[in-house]
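Letter by letter, the chains look like this.
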Amino acid sequence: MVTLDLMPLTAAIGAEVRGVDLREAPADPELADAIRAAFLDHHVLVFRDQDIDRDAHKAFGRLFGDLHVHPSMVRRGAADPEIFPVRADADTSLNNGGLWHSDLSCEAIPPFGSMLLLTEAPPTGGDTLFANMHLAFDRLSEPIRELLLGLTAVHDQRSDLANYGYEPEPGHEYPICEHPVVAAHPQTGRPYLFVNSSFTTRIVGLRSSESDALLAMLHAHVANDPSLHCRVRWEPGTLTFWDNRSCQHYAVWDYWPAVRRGERVTIADTVRPQAASPALASR
């Protein structure tokens, strides 16, 4: 039985995993199982000093499921569409990931999780914040929790593109989907808040003024409560693996004009988000 050397980042979320070479995980079922267990416990795992190439990166991702292909990689006709490049430099005008979000929550089956490997880090700054969405739901007042249960919200990729000044390309379809505002984690059953400021456009069945006000409150709740958060400091060779269901994240752009560069592998999920049951969520 493998026991991981874990250093929690905060009491709420995140842990650094020490002494693990991710190239060994695909051939070591006990190590892979230990990582899976830590992933469910901590939601964000940070692995330092990983000297892995693209094939090893993708092999580690496939331990958790099939790899997801970002819609933009399809539109670009990327040579390796399972690798999503992340880069900001002196020519960047809007930082990718610069709003609290869950990756591609607009899809019918949003991704299970993501693994970003940084290959070039700025000398200072460039951290990523993560928020625990189980706690974000738990810490709402009981009347607000009861209000949210049973509601659904619209998630639209065009909203995310608009945040970065991108116009939809003619002839392309962009994912748009309704999901429960409070979903149940498919592995643990725990309820989590599932709306975010990048993709969520409205709550179904409410007047626009009501929807806007409620979403603004929920987004501020996630962004402004640091007790929900951890902060990952990047170095070249750092791989961070996060749960896209139980987390939101925010890439801090405080390093211009320095370069921050990496590659992300994303794991596909197999089930749509399911609404949390009122009995479970009220505990």
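Going by the structure above, here's the rest.
All of these numbers come straight from a predicted model, not from anything done at the bench.

> Could you give an account of the pairing of strand β3 (residues 44-47), with specific residues and numbers?
A two-sided burial pattern is seen for β3, the buried positions comprising V44 and V46 on one face and L45 and F47 on the other. Relative to β3, strand β2 (residues 15-18) runs parallel, the two sharing 3 bridges. Across the sheet, E16 pairs through a bridge with V46, a residue of β3.

> Tell me about the pattern of salt bridges, residues and numbers included.
Applying the stated criterion across every chain, the model contains 18 salt bridges. E16 is the salt-bridge partner of R48, the closest N and O atoms lying 3.4 Å from each other. Placement of the pair is R48 in the loop between β3 and α2 (54-62) and E16 in strand β2, with a sequence separation of 32 residues. The partner of E235 in a salt bridge is R233, with the nearest N and O atoms 2.7 Å apart. Look at E235 and you get partly exposed, because its relative accessible area is 28%. A single salt-bridge network, built from bridges that share partners, covers R54, K58, R62, D80, E82 and E263.

> Give me the lowdown on unusual backbone geometry, citing residues and values where you can.
A cis amide bond, omega 5 degrees, links W256 with the succeeding residue P257. With respect to the helices, strands and loops of the structure, P257 is situated in the loop between β15 (247-251) and β16 (260-267). Phi is positive for D49, which is not a glycine, with a value near 55 degrees. Relative to the helices and strands, D49 is located in the loop between β3 and α2. The exposure class of D49 is exposed, given its relative accessible area of 65%. Notably, L104 is not glycine yet its phi reads approximately 50 degrees, a positive angle. On the secondary structure map, L104 appears in the loop between β5 (84-88) and β6 (113-120). By relative accessible area, L104 is classed as buried at 4%.

> Outline the sheet that holds strand β12 (residues 200-203), listing residues and values.
With antiparallel pairing, the 3 strands of this open sheet are ordered in space as β9-β8-β12. A strand with exactly one partner marks an edge of an open sheet, and here the two such strands are β9 (176-180) and β12. Taking each pair of neighbouring strands and ignoring which way they run, the sheet shows an average axis angle of 30 degrees.

> An account of the sheet that holds strand β13 (residues 229-232) is needed here, citing residue identities and associated values.
Here we have 3 strands laid out as an open sheet, ordered β13-β7-β15, and antiparallel in their pairing. The strands lining the two open edges of the sheet, one partner per strand, are β13 and β15. The average angle at which neighbouring strand axes cross in this sheet is 20 degrees, direction not considered. As paired elements, strand β7 (residues 128-132) and β15 share 5 bridges and run antiparallel to each other. Directly across from A131, in β15, lies its bridge partner Q248.

> Would you mind going over the nonpolar core in detail, with residue names and values included?
Side chains of a nonpolar character, in soluble globular proteins, are inclined to be buried together. Grouped together as the largest cluster of nonpolar side chains are 42 residues, with contacts concentrated most on V44, L148, V181 and L193. Excluding residues that lie within four positions of it along the chain, V181 makes contacts with L148, L151, T152, A153, Y192, L193, F194 and V195. Ranked by size, the runner-up nonpolar core spans 28 residues in total, among them A34, A38, L63 and I83.

> Before we move on, could you go through helix α7 (residues 208-224) and cite the residues and values that matter?
Its 17 residues place the ends of α7 24 Å apart at the C-alpha level, agreeing with the 24 Å of an ideal helix rising 1.5 Å per residue. Among the residues of α7, those classed as buried are S211, L214, L215, L218, H221 and V222. Buried positions in α7, seen along its axis, are confined to an arc of 120 degrees and lie on one side of it. Those residues of α7 that are exposed and aimed more than 90 degrees away from the buried face are S208, S209 and N224.

> Outline the packing of aromatic side chains, supporting the account with residue identities and numerical values.
To describe a pair of aromatic rings, one takes the distance between the centres and the angle between the planes. Scanning the model with the defined rule gives 11 aromatic pairs in all. Considering the side-chain rings of F64 and F112, the 6.4 Å spacing of their centres and the 35 degrees angle between planes classify their relative orientation as tilted. With a gap of 48 residues between them, F64 in the loop between α2 and β4 (67-68) and F112 in the loop between β5 and β6 connect regions that are remote in the sequence. Residue classification places F112 among the buried positions, given a relative accessible area of 10%. Over the aromatic face of F64 sits the side chain of R36, whose NZ or CZ is 5.5 Å from the ring centroid.

What counts as what
- Residues numbered from 1 in each chain as written.
- Predicted model: local features only at pLDDT ≥ 70, side-chain atom pairs only at ≥ 80, totals over all residues.
- Heavy atoms only, no water.
- Buried < 20%, exposed > 50% of the residue type's maximum accessible area, 1.4 Å probe, protein only.
- Helix = DSSP H or I, 4+ residues; strand = E, 2+ residues; numbered from the N terminus.
- Pairing = 2+ DSSP bridges.
- Salt bridge = Lys/Arg side-chain N within 4 Å of Asp/Glu carboxyl O.
- Axes fitted to C-alpha atoms, helices over the stretch in contact; angles between N-to-C directions.
- Core = buried A, V, L, I, M, F, W, Y, C linked by side-chain atoms within 4.5 Å.
- Contact = heavy atoms within 4.5 Å.
- Expected span 1.5 Å × (residues − 1).
- Arc of directions from axis to C-beta.
- Phe/Tyr/Trp six-rings, centres within 6.5 Å; stacked < 30°, edge-to-face > 60°.
- Lys NZ or Arg CZ within 6 Å of the ring centre and 35° of its normal.

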